[in-house]
Amino acid sequence: MISNDNNTIQVSAPGKIILFGEHAVVLEKTAIAASLSLRTTVTFTPNDKNRLLLDLPDIPDFGIKEWSLDDFKKLGHFPTDIDPLKPIECNQDFAKELTNFIDIKGIHTFLFLFCTLTKCNKAMDIRFSSALPIGAGLGSSASFCVGICAGLLKALDIYACGGCEQCKSTSEGQPCNQQLNLINQWSLQGEKIMHGTPSGIDNAVSTFGKALTFTRKNGYSVIENGIPPLRILITNTKVSRSTKTLVEGVINRSKQFPTLIDPVSNLIDTISKQCITVFDQYHQDKDYDRLQTAMDLMFDMNQHLLSGCYGVGHSSIDTIVSITKSLGFHTKLTGAGGGGCVITLLKRDTTDDQLNQLKNKLVESGFESWEATVGDPGVLVSVIPN
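Residues numbered from 1 in each chain as written. Predicted model: local features only at pLDDT ≥ 70, side-chain atom pairs only at ≥ 80, totals over all residues. Heavy atoms only, no water.

An unreviewed UniProt entry lists the chain under the name Mevalonate kinase, with Dictyostelium purpureum as the source organism.

Structure (structure tokens):
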């Protein structure tokens with residue numbers, strides 16, 4: 001096996017979409033989430049400068065930042081006695097101390113994970129690149145956290161399994177389940193810094209890949225058979241929104257009008273569960289036309305319930321739904337709604353010309369789109385000899 005001490009570690013982690021169940025999950029219902037072919041890539045290269053270098057080329061005006069490792073060690077609440085096999089939340093006093101270095105929550109997450117796992121005993125150049133838009137509800141922050149955790153644990157030879165052949169491999173591949181659980185738990189601690197009380201579904205999808213079911217009561221469960229080869233078009237409305245405000249709005253409606261909202265939530269839950277049934281049916285008969293018909297119907301139903309009953313729609317989303325419908329496609333919001341991103345279910349035989357026609361119409365209306373597949377592998381790790 002090649003030692004990780006002097007070699008570059010490369011990690012990629014997928015983004016995510018919510019297929020069905022957003023917002024209803026807050027009301028104890030089922031959500032279905034899936035990984036995307038759009039990924040974040042992170043490289044970890046050792047240096048001999050006793051410094052941490054961070055390069056984020058996708059963030060305008062960020063450039064490259066460098067910090068002395070000794071400066072972190074001087075902090076009054078620097079983490080010194082933490083077991084890397086037992087993930088913990090960031091100490092709030094340490095989080096405040098990190099603001100002296102930079103006042104960006106996402107970078108606080110990065111610095112917390114780096115300092116906690118490495119104890120600042122390993123100098124590195126760390127570079128990120130991502131095909132995921134930031135703040136669009138596609139799990140960019142979770143893929144960021146998962147990439148950090150997976151790469152640092154690999155670089156430091158920290159393995160929940162003790163170091164099995166699968167985890168110590170230098171070829172690109174997914175760590176074993178024990179290691180994936182460790183990566184997932186650490187990445188959740190990072191997500192807490194950015195989002196307060198995240199559900200954990202974003203980092204779980206980015207870690208394990210494929211598709212997951214999720215309820216607040218039972219947490220997540222990987223859909224072991226995977227997900228059919230769905231083609232989707234992701235469109236960014238470019239409308240910012242507050243997830244917290246939108247969630248609170250749904251909760252308030254549920255409290256004020258339970259006899260109206262409860263049946264809506266139950267129907268959304270039924271759609272999520274029916275999605276699993278539809279997937280299972282496809283795995284048995286490979287009848288894509290039946291799959292497409294069912295998914296189109298469930299997209300339409302879920303969209304109307306979210307927008308009309310929960311009130312998390314937006315005029316920009318309505319415009320995209322109308323444009324895609326005029327060309328024979330079905331669209332729904334994904335995530336918080338109120339703007340953000342929407343997903344359009346493409347047909348298996350959608351041609352390049354048809355796709356370009358759709359994209360051009362969306363661009364003319366001021367939107368931006370990317371084609372993607374769903375159900376991609378979770379976090380992948382490899383070693384590149386220097």
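1. A look at the overall build of the chain
When helices and strands are tallied, the chain shows 12 helices and 12 strands. Here the C-alpha atoms of the chain give a radius of gyration of 21 Å, agreeing with the 21 Å that 2.2 N^0.38 yields for 386 residues. Residue burial in the chain is summarised as follows: out of 386 residues, 54% are buried. Counting only contacts in the chain whose residues sit at least 6 apart along the sequence, the fraction spanning at least 24 positions is 75%. Element-wise, carbon and sulfur atoms account for 48% of the exposed surface of the chain, whose accessible area totals about 16600 Å². For the chain, the separation between the mean place of its 35 positive charges and that of its 40 negative charges on side chains is 3 Å. (Helix = DSSP H or I, 4+ residues; strand = E, 2+ residues; numbered from the N terminus. Rg over C-alpha atoms; globule rule 2.2 N^0.38 Å. Buried < 20%, exposed > 50% of the residue type's maximum accessible area, 1.4 Å probe, protein only. Contact = heavy atoms within 4.5 Å. Areas by Shrake-Rupley, 256 points an atom, 1.4 Å probe, with all protein chains shown as cover. Lys, Arg positive; Asp, Glu negative; His and termini not counted. Charge placed at Lys NZ, Arg CZ, Asp CG, Glu CD.)

2. Observations regarding the pairing of strand β6 (residues 211-215)
Within β6, 4 of the 5 residues are buried, leaving the element largely enclosed by the surrounding structure. Where strand β2 (residues 31-46) meets β6, 4 bridges bridge the pair, whose relative direction is antiparallel. Bridge pairing links Ala33 to Leu212 in β6. Pairing geometry for β6 and strand β7 (residues 219-222), over 4 bridges, is antiparallel. (Pairing = 2+ DSSP bridges.)

3. Re the UniProt feature "domain: GHMP kinase N-terminal" (unreviewed entry) in the chain
Under the feature "domain: GHMP kinase N-terminal" (unreviewed entry), the UniProt entry names residues 119-209. Across residues 119-209 one finds 52% helix and 8% strand; the C-alpha atoms that close the span lie 29 Å apart. (UniProt positions renumbered as here; feature names shortened; annotations may be inferred.)

4. Notes on the nonpolar core
Within the largest apolar cluster, 63 residues are counted, with the highest numbers of intra-cluster contacts made by Phe72 and Phe110. Examining the composition of this core, we find that 9 residues originate from one element, helix α4 (residues 140-155), more than from any other. By size, the runner-up hydrophobic cluster in this structure holds 56 residues, among which are Ile261, Ile317, Ala336 and Val342. (Core = buried A, V, L, I, M, F, W, Y, C linked by side-chain atoms within 4.5 Å.)

5. Brief notes about the sheet that holds strand β10 (residues 341-345)
Taken in spatial order, the 4 strands line up as β9-β10-β8-β11 in an open sheet, and their pairing is antiparallel. The outermost strands of the open sheet, each flanked by one partner alone, are β9 (330-334) and β11 (368-373). With strand direction ignored, the average angle separating the axes of adjacent strands in the sheet is 30 degrees. Direction of pairing for strand β8 (residues 231-236) relative to β10: antiparallel, over a ladder of 5 bridges. For Thr235, the partnering residue across the bridge sits in β10 and is Val342. Lying over the sheet, helix α11 (residues 315-326) contacts β8, β9 and β10, oriented at roughly 155 degrees with respect to β9. (Axes fitted to C-alpha atoms, helices over the stretch in contact; angles between N-to-C directions.)

6. Some points on the UniProt feature "domain: GHMP kinase C-terminal" (unreviewed entry) in the chain
Here, the residues flagged by UniProt with the feature "domain: GHMP kinase C-terminal" (unreviewed entry) are residues 286-358. A distance of 27 Å separates the end C-alpha atoms of residues 286-358, which is 56% helix and 14% strand.

7. Considering the pattern of salt bridges
Once their charged atoms are close, side chains differing in charge can pair, the charge on each being opposite to the other. Under the counting rule described, the total for this entry stands at 9 salt bridges. Notably, a salt bridge pairs Glu66 with Arg51, separated by 3.4 Å at the nearest N-O pair. Pair noted here: Glu66 is in strand β4 (residues 64-68) and Arg51 is in strand β3 (residues 51-55), with a separation of 15 residues, a long-range link. Between Glu89 and Lys192 there is a salt bridge; the shortest N-O distance is 3.2 Å. Note that Glu89 is positioned in the loop between α1 (69-73) and α2 (92-98) and Lys192 in helix α6 (residues 177-195), a separation of 103 residues in sequence. When its relative accessible area of 49% is taken as the criterion, Glu89 is described as partly exposed. On the basis of relative accessibility, which here comes to 27%, the residue Lys192 falls in the partly exposed class. (Salt bridge = Lys/Arg side-chain N within 4 Å of Asp/Glu carboxyl O.)

8. Description of the domain arrangement of the chain
Taken domain by domain, the chain comprises domain 1 (8-224 + 375-384) and domain 2 (232-371). Contact residues are listed per partner, giving 23 residues for domain 1 and 37 residues for domain 2. With a shortest N-O distance of 3.0 Å, Lys332 and Glu22 are connected by a salt bridge. Where domain 1 meets domain 2, there are 9 residue pairs in polar contact (both at pLDDT 80 or more). Residues belonging to the side of domain 1 that touches domain 2 are distributed by class as follows: 15 nonpolar, 6 polar and 2 charged. (Domains from an automatic or database assignment. Polar contact = N/O pair within 3.5 Å; in protein donor to acceptor, adjacent residues only side chain to side chain. Nonpolar A, V, L, I, M, F, W, Y, C, P; charged D, E, K, R; others polar.)

9. Structural notes on the side chain of Thr237
Of note, Thr237 is situated in the loop between β8 and α8 (243-256). A polar contact is formed between the side chain of Thr237 and the backbone nitrogen of Val239, at a distance of 3.1 Å. A distance of 2.7 Å separates a polar side-chain atom of Thr237 from the backbone oxygen of Gly340. Setting aside its immediate chain neighbours within four residues, Thr237 contacts Ser316, Ile317, Ile320, Gly339, Gly340 and Phe367.

10. Notes on the side chain of Ser382
Examined against the element boundaries, Ser382 turns out to sit in strand β12 (residues 380-384). In this structure, Ser382 is in contact with Thr8, Ile9, Gln10, Thr170, Ser171 and Glu172, ignoring residues within four places of it in sequence.

11. Considerations on helix α9 (residues 258-285)
Compared with the 40 Å implied by 1.5 Å per residue over 28 residues, the 40 Å span of α9 between its first and last C-alpha is a close match. The set of residues buried in α9 consists of Ile261, Val264, Ser265, Ile268, Asp269, Ile271, Ser272, Cys275, Val278, Phe279 and Tyr282. If you follow the buried residues of α9, they end up packed against β1 (8-20), β2, α8 and α10 (288-309). Positive backbone phi, at 55 degrees, marks Lys286, one or two positions downstream of α9. (Expected span 1.5 Å × (residues − 1).)

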